[in-house]
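One-letter residues, chain by chain:
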Amino acid sequence: HKFYAFHVYRMKQAIEEEKAKLDFADLLFELRQQIGLNQTAFAKKVNKSRSTIARIESARMEPSFSMLEDIAQALGKHVEIRFVEAKQAAAKKTVR
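Note that the structure is predicted; figures quoted are calculated from it, not measured.

Asks: What should I look at first to understand the pattern of salt bridges in this one?
Replies: Side-chain pairs of opposite charge can arise where the charged atoms are in close proximity. Taken as a whole and judged by the stated rule, the model has three salt bridges. We note a salt bridge from Lys48 to Asp70, for which the minimum N-O separation is 3.4 Å. With Lys48 in the loop between helix H2 (39–45) and helix H3 (50–57) and Asp70 in helix H4 (residues 65–74), this pair connects stretches of sequence that are 22 residues apart. For Asp70, a relative accessible area of 36% gives the class partly exposed.

Asks: Can you walk me through H3 in this structure?
Replies: Since there are 3.6 residues in each turn of an α-helix, residues three or four apart along the chain are aligned in direction. Listing the buried residues of H3 in full gives Thr52, Ile53, Ala54, Ile56 and Glu57. Tucked inside the fold, the buried residues of H3 contact helix H1 (2–35), H2 and H4. Just beyond H3, the residue with positive phi is Ala59, at close to 65 degrees.

What counts and what doesn't
Residues numbered from 1 in each chain as written. Predicted model: local features only at pLDDT ≥ 70, side-chain atom pairs only at ≥ 80, totals over all residues. Heavy atoms only, no water. Salt bridge = Lys/Arg side-chain N within 4 Å of Asp/Glu carboxyl O. Helix = DSSP H or I, 4+ residues; strand = E, 2+ residues; numbered from the N terminus. Buried < 20%, exposed > 50% of the residue type's maximum accessible area, 1.4 Å probe, protein only. Contact = heavy atoms within 4.5 Å.

This is how it looks when you write it as structure tokens:
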């Protein structure tokens, strides 16, 4: 039973990691759309490769915090992290 419990725990952890990637993907896509740039122009503006932006937006890559800070700084923005109730988390995704 210990193996099964560990396996279930790892599965839940993997699901949460995938959800985080999707959240970053959505946020970056929304930010790029608000600015009105395609991936190539956006990547140039934030000094990243177009493939990096594409991987983040398609949830194949989870950006590091420092990468998010770099992107925000290049756009005259800042990264804001908040702890919210789990029930509110899905409704709290915003881009400023």
